[in-house]
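Listed below are the residues making up each chain.
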Amino acid sequence: NNGGGDHSTLLLSLPTYLGMLLVIIFPESRQDLPVNVSHGSILGTSVVDVLANILCVYGLQLVGSGMFQVLYASVVCFAAIMTKFFL
């Protein structure tokens, strides 16, 4: 039993990626969407999101599930602190 280092922990990101694929499989045609969307900004955001998921899974494997949950739950606190200082 390897805890967070077990290969089954890769299932953590599977629902996220399947959700992203549903947009391609079941596209919704809407008239109110903007036509001139910069694909570069969408691509950049998507790459950052995929890298964040990869780093989360890697972090889970490094520190184990208990410590990962404590650190991941503190993201809300750090986001609030950074919002106060930077926005």
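This section reports on the structure supplied with the text. (Residues numbered from 1 in each chain as written. Predicted model: local features only at pLDDT ≥ 70, side-chain atom pairs only at ≥ 80, totals over all residues. Heavy atoms only, no water.)

**Considering the packing of aromatic side chains**
The final tally for this structure, using the stated rule, is one aromatic pair. An angle of 15° between the planes, with centres 5.6 Å apart, marks the rings of Phe68 and Tyr72 as stacked. Taken together, the positions of Phe68 and Tyr72, both in helix α3 (residues 65–73) and four residues apart, correspond to about one turn of that helix. Residue Tyr72 is classed as partly exposed on the basis of its relative accessible area of 47%. (Phe/Tyr/Trp six-rings, centres within 6.5 Å; stacked < 30°, edge-to-face > 60°. Helix = DSSP H or I, 4+ residues; strand = E, 2+ residues; numbered from the N terminus. Buried < 20%, exposed > 50% of the residue type's maximum accessible area, 1.4 Å probe, protein only.)

**Concerning the packing of helix α1 (residues 14–25) against helix α2 (residues 39–63)**
Taken N-terminus to C-terminus, the directions of α1 and α2 make an angle of 160°; their axes are 11 Å apart at the nearest point. Comparing the axis directions of α1 and α2 gives the class roughly antiparallel. The handedness of the crossing between α1 and α2 comes out as left-handed. Mapping the contact onto sequence places Thr16, Tyr17 and Met20 in α1 and Asp49, Val50, Asn53 and Ile54 in α2. Considered class by class, the residues forming the contact of α1 with α2 number four nonpolar, two polar and one charged. (Axes fitted to C-alpha atoms, helices over the stretch in contact; angles between N-to-C directions. Parallel < 35°, antiparallel > 145°, perpendicular 65-115°, else oblique. Left-handed = near helix turned anticlockwise from the far one by under 90°. Contact = heavy atoms within 4.5 Å. Nonpolar A, V, L, I, M, F, W, Y, C, P; charged D, E, K, R; others polar.)

**Let's talk about the side chain of Asn53**
Of note, Asn53 is situated in helix α2. With residues up to four places along the chain from it excluded, the contact list for Asn53 reads Thr16, Tyr17 and Met20.

**What to know about a nonpolar patch on the surface**
Taken together, the side chains of Leu11, Leu14, Leu18, Leu21, Leu22, Ile24, Ile25 and Phe26 define a hydrophobic patch exposed on the protein surface, amounting to about 840 Å² of accessible area. Structurally, Leu18 can be placed in helix α1. (Patch = residues over 30% accessible without salt bridge, like charges linked within 9 Å, V, L, I, M, F, W, Y side chains within 5 Å. Areas by Shrake-Rupley, 256 points an atom, 1.4 Å probe, with all protein chains shown as cover. Salt bridge = Lys/Arg side-chain N within 4 Å of Asp/Glu carboxyl O.)

**Side note on α2**
Taking 1.5 Å as the rise per residue, α2 with 25 residues should run 36 Å; its terminal C-alpha atoms sit 36 Å apart, in good agreement. When α2 is considered as a whole, its buried residues turn out to be Asn53, Val57, Gly59 and Leu60. Buried residues along α2 sit against α1 and α3. Following α2 by one or two positions, Gly64 adopts a phi angle in the positive range, close to 90°. (Expected span 1.5 Å × (residues − 1).)

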